[in-house]
Amino acid sequence: MMVPPEELFEGAKLFGKHCAICHGAWGAGDGPVAPDLVVAPRDFRRGVFKFQSTFYGSKPLISDVERTIQHGLAGTTMPPFLTLGSQAIARLARHVLWLARRGEVERELVLAAQAGEPLDGRLLAEIEETLQSAWEEASEQAVALASPHPEPTADSIARGRVAFISRGCAKCHGPDGRGQTEENLRGGLRDYWGKSVRAADLTSGRLKGGHRPEDVYRRIMGGINGTPMPSFRATLNSEPRTVWDLVDFVLQLPTIGQRP
Ligand code: HEC
Ligand code: HEC
């Protein structure tokens, strides 16, 4: 991720103008308004992102971060920046990744210091190398669609409803997808940052990671990194049809939610 310094400077300026109020100047999620927000602005320093097209546990693609900036995260205060233009968004995304990388290096150094390791050039080079390969390997971790999306039908939705329960989605989201489970209401689920996170109310019509069928497919197969929602790769890999059924079921839930 070699970025020319003047590019980084432009990204930093844009970040200061549009993002620091929530995410903090160094991306620690500690901007001046952060304490007032129900959903905490992300702390980028851990290098962990939720809404990515790659599998749980891997790094996002830069296009995922660009998508988040452009479209925002529906249902949270993370706003869409639709009018910024693609060059500004690309610079912002690179700045976010730079903040993440910087935070990760810092953290590794602190951990090494705590473990009593000598903080020398060799250690720094090792840390840089490990991080570099994690970011470079992200593209190999992209969730591919195993088949094209078949036309949704009443049957596919009905099969999706059955799978939603039998495959364990209902455990967190409730059988009707509203997220009214005991654990959810108690605020018992936590994300990677230790913040309380609710299994989404899927009838709300707001999906943070996008509303296209392929977005929901990737959410299911990839999981939602840094949250309790796991990847279903192990169980659904050989059943793309079931994944599309689940997608069809999820995507028609908001129309049910609107009914009295
Ligand atoms: C009004 C507050 C606010 C502003 C301004 C804001 N964000 Fe956010 N941002 C959030 C919140 C809240 C979240 C976490 C949402 C969640 O966890 O569901 C977030 C999350 C993110 C994420 C993480 C996405 C993921 O997949 O985990 C990225 C990247 C991001 N913001 C980038 C930006 C950038 C770049 C800007 C400026 C162009 C910006 N944000 C401006 C509130 C804000
Ligand atoms: C262990 C609990 C858990 C299980 C099991 C689970 N989810 Fe989730 N799900 C979550 C959580 C938590 C979130 C919210 C993450 C966030 O916004 O930070 C979520 C969010 C979602 C979203 C919203 C994504 C977005 O773009 O906003 C969809 C769609 C979804 N889950 C579908 C499913 C489906 C389908 C299944 C079963 C195949 C499933 N989930 C199983 C916990 C779970």
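Residues numbered from 1 in each chain as written. Chains lettered and ligands numbered in written order. Predicted model: local features only at pLDDT ≥ 70, side-chain atom pairs only at ≥ 80, totals over all residues. Heavy atoms only, no water.

> Tell me about the overall build of the protein chain, and name the residues and values.
Within the protein chain, the secondary structure is distributed over eleven helices and zero strands. Along the protein chain, from the amino end to the carboxyl end, the secondary structure elements read α-α-α-α-α-α-α-α-α-α-α. Relative to the compact-globule value of 18 Å for 260 residues, the protein chain shows a C-alpha radius of gyration of 20 Å, a close match. With the principal axes as the frame, the protein chain shows a C-alpha extent of 60 × 35 × 35 Å. Classification of the 260 residues of the protein chain by burial places 43% in the buried group. Counted over contacts in the protein chain with a minimum sequence separation of 6, partners at least 24 positions apart contribute 61%. Split by element, the accessible area of the protein chain, about 13,900 Å² in all, is 56% carbon and sulfur. Separation of charge centres in the protein chain, based on 31 positive and 31 negative side chains, amounts to 6 Å. (Helix = DSSP H or I, 4+ residues; strand = E, 2+ residues; numbered from the N terminus. Rg over C-alpha atoms; globule rule 2.2 N^0.38 Å. Buried < 20%, exposed > 50% of the residue type's maximum accessible area, 1.4 Å probe, protein only. Contact = heavy atoms within 4.5 Å. Areas by Shrake-Rupley, 256 points an atom, 1.4 Å probe, with all protein chains shown as cover. Lys, Arg positive; Asp, Glu negative; His and termini not counted. Charge placed at Lys NZ, Arg CZ, Asp CG, Glu CD.)

> Explain the site of ligand 2 residue by residue, including any values.
Of all residues adjacent to ligand 2, which total 23 residues, the nearest are Cys 169, Cys 172, His 173, Lys 208 and Met 229. One of the side-chain nitrogen or oxygen atoms of Lys 50 is found 2.9 Å away from an oxygen atom of ligand 2. One of the backbone nitrogen or oxygen atoms of Gly 209 is found 2.7 Å away from an oxygen atom of ligand 2. Among the secondary structure elements, those contributing two or more residues to the shell around ligand 2 are α7 (169–173) and α9 (213–222). Considering every element that reaches the shell around ligand 2, the biggest residue donor is α7, with three residues. Its residues placed into classes, the shell around ligand 2 shows 15 nonpolar, four polar and four charged. (Near = heavy atom within 4 Å. Polar contact = N/O pair within 3.5 Å; in protein donor to acceptor, adjacent residues only side chain to side chain. Nonpolar A, V, L, I, M, F, W, Y, C, P; charged D, E, K, R; others polar.)

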